[in-house]
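Architecture and fold: a report
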Amino acid sequence: MSNPTPPAASSRIFWGCFIALVTCAFGFIVRTQVIGEWQAQFNLSETEKGDILGVGFWPFAFSIFIFSFVIDKVGYGRAAIFGLVCHVASAVILLTAASARQLYWGTFIFALSNGTVEAYINPTVATMNPREKVKWLNILHAGWPGGMVLAGVLAIGMGNIAWQWKVGLTLLPTVVYAVLLLGVKFPVSERVAAGVPYREMLRDFGGLGAFVVTYLIALQVCEGILGIEQGKFVWPLVPAVLVAAGFGWYVRSAGRLVYFVLLLVMIPLATTELGIDSWITDLMAPEMKHIGLNAGWVLVYTAALMTILRCFAGPVTKLLAPLPLLAAGAALAIAGLFALSKAAGIGVLLAATIYGFGKAYFWSTMLGVVGEQFPKGGALTMNCIGGVGMLGLSVGMVFLGNIQDRRIDRELLAHDAASGTKLHASYLTAEKRSIFGSYLALDQAKLAQAPAMDRALIEDIKVSAKKNALSTATVFPAIMLLAYLGLVVYFRRQGGYRPAELGAGGH
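Here we summarise the structure given alongside this text. (Residues numbered from 1 in each chain as written. Predicted model: local features only at pLDDT ≥ 70, side-chain atom pairs only at ≥ 80, totals over all residues. Heavy atoms only, no water.)

What about the overall build of the protein?
Helix and strand counts for the protein come out as 23 helices and two strands. In terms of C-alpha radius of gyration, the protein reaches 22 Å, essentially the compact-globule figure of 23 Å for 507 residues. The principal-axis extents of the C-alpha atoms in the protein amount to approximately 75 × 45 × 40 Å. For the protein, the share of sequence-separated contacts (at least 6 apart) that also reach a separation of at least 24 residues comes to 82%. Carbon and sulfur atoms form 67% of the exposed surface of the protein, whose accessible area is close to 19,300 Å². Where the 37 positive side-chain charges of the protein centre and where its 27 negative ones centre are 8 Å apart. (Helix = DSSP H or I, 4+ residues; strand = E, 2+ residues; numbered from the N terminus. Rg over C-alpha atoms; globule rule 2.2 N^0.38 Å. Contact = heavy atoms within 4.5 Å. Areas by Shrake-Rupley, 256 points an atom, 1.4 Å probe, with all protein chains shown as cover. Lys, Arg positive; Asp, Glu negative; His and termini not counted. Charge placed at Lys NZ, Arg CZ, Asp CG, Glu CD.)

Listed below in structure tokens is the structure:
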């Protein structure tokens, strides 16, 4: 990595932003390490686990959207203070949690903080490095996997200690970035410095961007707040169309078509990178147990690969343009996830290597592409990409959990029919609901009291269901691959991929 430190005047800001992202990663990986303990203590189904893991993402979108529209007026410093307060408040709520609802709200507030962090760190670093956005955003976002590695090693090293101690780890980097960022003077955004009017910023986003964001927000409101079951995917179209029409009329723009495509691609991208990461420890636990390793090492290992690859993003981005780099990553992710679904023993680590290489540059390179192609959009276009990914991810998370619950349901029925047992009727007794409809879930309390033979049979079925989820998840990077190849062809017909410069007329 060439010159890993920005100019001296901005190094404190850069590393403060870096550690703030490390804090976000601490909270993420700690959840993956303690979710099993939360399930046992609070009797959670697999889908309910998905709800709690999912709420660690979609509120991120709310805060990043809100701040993206006003952050140039509010200021990056005030946004940093808000994020810091939320990080501390979340830790306090989770550490004192006595119910699943408190786990939910503590995770919700942490996600709000994470969205706020992304809202100011991305435009800050892009502004400080206007001619090397892809490179420096990749280096900045090495803080995410780097934080996962550090927190993962610490959490795994704590062994069977009470989960509250692991949650408390998030306070360590919080203190560090508070010291680095409080009192510093953040730079003026690239858009503001170039004199691009506010409404001009909104035009790149346009009616199409407003449609995607509003639909995904309305989907969360319909399901999570209003509890709408019938037509839950249809009703959000009403506010989405109305807001898109109004917003498009106000800014006199439908938005940039390429940006619209990138917004849609962020949904499978976020599920591939972060959604799978949220489940990977739980999904690979049975296979890792066979080779005598904690399942958390799969996530730590892939995160370590990502950290190294992102830190050396400079040479990689010179060798491959951003879109071919993303396409190559999607192809590797498909191969890696499929291999993980079939891997056994030490083969898990080989499959995880392929998956780690595949996902390494996804998020940060997408931010770089948006920053390079839509500089007039400023913080709005860059941050809304991440916000849409997080909103879509909340659906993807529940989808991954629901795959497992429904597979367990089918396999228990098949086992009972073949053997004459009554495992399904005895242990799959909890009828629950999700965005994908009603389903039956294992009653964790009954399962804990089950005879050893029953528990062993059900555990084998759960292993099959978990691995099946990884195989099914290959559909997400497959969608990404097709989209990136299409964009490569589009830009070639436009004369090639070139970063836009505000000084050269923006687009």
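Continuing now.
Some remarks on the packing of helix 3 (residues 58-74) against helix 4 (residues 76-95)
Where helix 3 contacts helix 4, the two axes come as close as 7 Å, and the packing angle between them is 120°. Accordingly, the angle class assigned to the pair helix 3 and helix 4 is oblique. For the pair helix 3 and helix 4, contact is made by F67, I71, D72 and V74 and by Y76, R78, A79 and F82, respectively. Among the residues making up the contact of helix 3 with helix 4, the classes are represented as six nonpolar, no polar and two charged. (Axes fitted to C-alpha atoms, helices over the stretch in contact; angles between N-to-C directions. Parallel < 35°, antiparallel > 145°, perpendicular 65-115°, else oblique. Nonpolar A, V, L, I, M, F, W, Y, C, P; charged D, E, K, R; others polar.)

A short note on the nonpolar core
Ranked by size, the top nonpolar core spans 123 residues in total, and within it W38, Y120, F186, L262 and Y484 carry the most contacts. When residues in this core are grouped by element, the largest group, 18 residues, is from helix 1 (residues 8-42). Beyond its immediate sequence surroundings of up to four residues, F186 is in contact with I13, C17, Y76, G77, A80, Y120, T124 and L181. If you look at the next biggest cluster of nonpolar residues, it comprises 17 residues, including A343, A351, Y355 and F476. (Core = buried A, V, L, I, M, F, W, Y, C linked by side-chain atoms within 4.5 Å. Buried < 20%, exposed > 50% of the residue type's maximum accessible area, 1.4 Å probe, protein only.)

Details of the packing of aromatic side chains
As enumerated under the stated definition, the model contains 19 aromatic pairs in all. Ring geometry for W38 and W163: centres 5.7 Å apart, planes at 90°, overall edge-to-face. Taken as a pair, W38 in helix 1 and W163 in helix 8 (residues 163-167) lie far apart in primary sequence, 125 residues in all. Given the relative accessible area of 3%, W163 is considered buried. (Phe/Tyr/Trp six-rings, centres within 6.5 Å; stacked < 30°, edge-to-face > 60°.)

Digging into the pattern of salt bridges
Enumeration according to the criterion identifies seven salt bridges in this entry. Notably, a salt bridge pairs E200 with K376, separated by 3.6 Å at the nearest N-O pair. Of this pair, E200 sits in helix 11 (residues 198-225) while K376 sits in the loop between helix 18 (362-373) and helix 19 (378-419), placing them 176 residues apart in sequence. Relative accessible area serves as the criterion here: at 22%, E200 is assigned to the partly exposed category. What emerges from the salt-bridge pattern is a single network uniting E200, R203 and K376. (Salt bridge = Lys/Arg side-chain N within 4 Å of Asp/Glu carboxyl O.)

Remarks on the environment of L94
If you trace the backbone, L94 turns up in helix 4. Residue L94 is classed as buried on the basis of its relative accessible area of 7%. Considering only alpha carbons, one finds L94 and G168, 74 residues apart in sequence, at a separation of 8.9 Å. Sequence-distant contacts of L94, that is, excluding residues within four places in its chain, are made with W38, Q102, L103, G106, T107, W163 and V167.

Description of the environment of L181
Looking at where L181 falls in the secondary structure, it is placed in helix 9 (residues 171-181). For the pair L181 and H87, spaced 94 residues apart in sequence, the C-alpha to C-alpha distance is 14 Å.

Some points on the side chain of S68
Mapped onto the elements, S68 comes out in helix 3. On the accessibility criterion, S68 (1% relative accessible area) is buried. Those residues in contact with S68, other than ones at most four positions away along the chain, are M201, A379, L380, N383 and C384.

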